[in-house]
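# Structural characterization, general
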Amino acid sequence: MFITPAFAQTGSGSISEILPSLLPFVLIFVIMYFLILRPQQKRVKAQQEMLGNLRRGDQVTLSGGVIGRITKVVDDATLEIEIADNVRIRAARQFVAEVRSKGEPAEEK
């Protein structure tokens, strides 16, 4: 009733008719991969490498804006950071936003 005899006789559903309709979706995925996913993966890899290379004496900025010098690497997840003379805090390694300068190791007191 709703399908015309001409449409019913074309034999729709062959691969040559499906491929052009799927091509825009494939192109959108490829563009999203190269513009969004791939650069994000590179940033995550660089961040993990930076966090892995933290050592005593590095001046760092935490994600909250606190700037200090690493005085002790407590364990794999925790750092001790000196933010002023004789003022030390403990921070999770994952909250280090950037390494401002690589320096000589801080003096052990």
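The shown structure was predicted, so the numbers you read here are calculated from the model rather than taken from an experiment.

### Quick word on the overall build of the chain
Of regular secondary structure, the chain possesses 2 helices and 5 strands. When the helices and strands of the chain are read in sequence order from the N terminus, they spell out α-α-β-β-β-β-β. Burial analysis of the chain (109 residues in total) assigns 18% to the buried set. In the chain, the share of contacts with a sequence separation of at least 24, taken over all contacts with a separation of at least 6, comes to 43%. When the accessible surface of the chain is totalled, it reaches about 8500 Å², and 61% of it is carbon and sulfur.

### Considerations on the pattern of salt bridges
Applying the stated criterion across every chain, the model contains 2 salt bridges. Linking lysine 102 and aspartate 58 is a salt bridge whose minimum nitrogen-to-oxygen distance equals 3.3 Å. With lysine 102 in the segment after strand E5 (96-101) and aspartate 58 in the loop between helix H2 (15-52) and strand E1 (59-62), the pair connects residues that are 44 residues apart, well separated along the chain. The exposure class of aspartate 58 is buried, given its relative accessible area of 0%. The partner of arginine 88 in a salt bridge is glutamate 80, with the nearest N and O atoms 3.5 Å apart. Take glutamate 80: its relative accessible area is 14%, and that puts it in the buried class.

What counts and how
- Residues numbered from 1 in each chain as written.
- Predicted model: local features only at pLDDT ≥ 70, side-chain atom pairs only at ≥ 80, totals over all residues.
- Heavy atoms only, no water.
- Helix = DSSP H or I, 4+ residues; strand = E, 2+ residues; numbered from the N terminus.
- Buried < 20%, exposed > 50% of the residue type's maximum accessible area, 1.4 Å probe, protein only.
- Contact = heavy atoms within 4.5 Å.
- Areas by Shrake-Rupley, 256 points an atom, 1.4 Å probe, with all protein chains shown as cover.
- Salt bridge = Lys/Arg side-chain N within 4 Å of Asp/Glu carboxyl O.

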